[in-house]
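Here are the chains, one letter per residue:
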Amino acid sequence: MTTTRKHTALPKAKILIEALPWLTRHHGKIVVIKFGGNAMVDGELKAAFAQDVVFLRHAGLKPVVVHGGGPQISAALDRHGIVSEFKAGLRVTTEDAMDVVRMVLAGQVQRELVGLLNQHGPLAVGLTGEDAHTITATKHLPEIDGELVDIGRVGEITEIDTGAIEALLADGRIPVVSSIARSQDDGHVYNVNADTAAAALAAALGAETLMVLTDVEGLYEDWPRSDEVISRLTATQLEKLLPELSSGMVPKMQGCLYAVRNGVQTARVIDGRVQHSILLEIFTDEGIGTMVVPDEPAKEAQ
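Residues numbered from 1 in each chain as written. Predicted model: local features only at pLDDT ≥ 70, side-chain atom pairs only at ≥ 80, totals over all residues. Heavy atoms only, no water.

1. A few points about the overall build of the protein chain
- Of regular secondary structure, the protein chain possesses ten helices and 18 strands.
- Here the protein chain has a C-alpha radius of gyration of 20 Å; the compact-globule value for 302 residues is 19 Å, and the two agree.
- In the protein chain, which comprises 302 residues, the share counted as buried stands at 48%.
- Within the protein chain, contacts between residues at least 6 apart in sequence are counted, and of these 72% link residues at least 24 apart.
- About 15,100 Å² of surface is accessible on the protein chain, with carbon and sulfur atoms providing 52% of the total.
- Side-chain charges in the protein chain split into 27 positive and 40 negative, and the spacing between the mean points of these groups amounts to 8 Å. (Helix = DSSP H or I, 4+ residues; strand = E, 2+ residues; numbered from the N terminus. Rg over C-alpha atoms; globule rule 2.2 N^0.38 Å. Buried < 20%, exposed > 50% of the residue type's maximum accessible area, 1.4 Å probe, protein only. Contact = heavy atoms within 4.5 Å. Areas by Shrake-Rupley, 256 points an atom, 1.4 Å probe, with all protein chains shown as cover. Lys, Arg positive; Asp, Glu negative; His and termini not counted. Charge placed at Lys NZ, Arg CZ, Asp CG, Glu CD.)

Okay, structure coming up:
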């Protein structure tokens, strides 16, 4: 009996010990996680995501979760008889649509995520970018065919105030932030891209890592000719690739680029369809996505 128990327990101990260098390296560090894609709509993946985030918190890291809610917003707009229209890859957001966006993000998606996290203890606190001036934005006018186009209440982030988030982290809480911003100039609110918001928050918080959950394995080397994933690339290498990327990957990779150019040590795009992908990425050698790192500092002339 004793022998059997020893054998079954040993692999578990080895796995825990393997995580030790990473636990040491990441202890006390802030990690910003952009929650999205399939992980957001599949029940099992949602539960696994919540477990991962709580695990990070108990392992001594300081996770901050940022979310959008594309599929949920589209479904709610349909129910309200509002047509979803996209220009330059962004949702055209009228005043009526903005009311629905705000309701869905802060009242539905965020509440559900906070509830999942809080099954494990009194940890998560939800806020939107409006709270305590966390995210401030002005109107974003994308350029289409050389002309600036008005797409409604879509914001471009101008300022981040990390005070509320830092207070929550200092109190041992897990902030869950909805990607809505207060307006810098007209008293309204803006819908902001959640990838962009996560990157801006990661930089402002001095996070060690930005993690963006997606529905692909990572950044592909030569898609669609090859499904080989690039496991690591520098900021400059990524910048060269940006014009060739699919429209869905552009804000994610631009966010990663912004983060590592503004003090974040690593930015990673990981496959949110894999259960516990966050733990695999942070605590093992077999990183499962694409990691972006800052450029090597230029060597000074001798």
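Picking up where we left off.
2. Notes on the packing of helix α4 (residues 70–79) against helix α5 (residues 95–117)
- Close contact between α4 and α5 brings their axes to 9 Å; oriented N to C, the two are set at 125 degrees. The orientation of α4 relative to α5 falls into the category oblique. The two elements α4 and α5 cross, and the hand of that crossing is right-handed. Here Gln-72, Ile-73, Ala-76 and Leu-77 of α4 come into contact with α5, specifically with Ala-97, Val-100, Val-101, Val-104, Leu-105, Gln-108 and Val-109.
- Broken down by class, the residue content of the contact of α4 with α5 amounts to nine nonpolar, two polar and no charged. (Axes fitted to C-alpha atoms, helices over the stretch in contact; angles between N-to-C directions. Parallel < 35°, antiparallel > 145°, perpendicular 65-115°, else oblique. Left-handed = near helix turned anticlockwise from the far one by under 90°. Nonpolar A, V, L, I, M, F, W, Y, C, P; charged D, E, K, R; others polar.)

3. Looking at α5
- Its 23 residues give α5 an end-to-end C-alpha distance of 32 Å, which sits within 8% of 33 Å, the value for a rise of 1.5 Å per residue.
- Maximum bend of α5: about 35 degrees, positioned at Gln-110.
- All of the buried residues in α5 are Ala-97, Met-98, Val-100, Val-101, Val-104, Leu-105, Val-109, Gln-110, Leu-113, Val-114, Leu-116 and Leu-117. (Expected span 1.5 Å × (residues − 1). Bend = angle between axes of the 7 residues up to and from the residue.)

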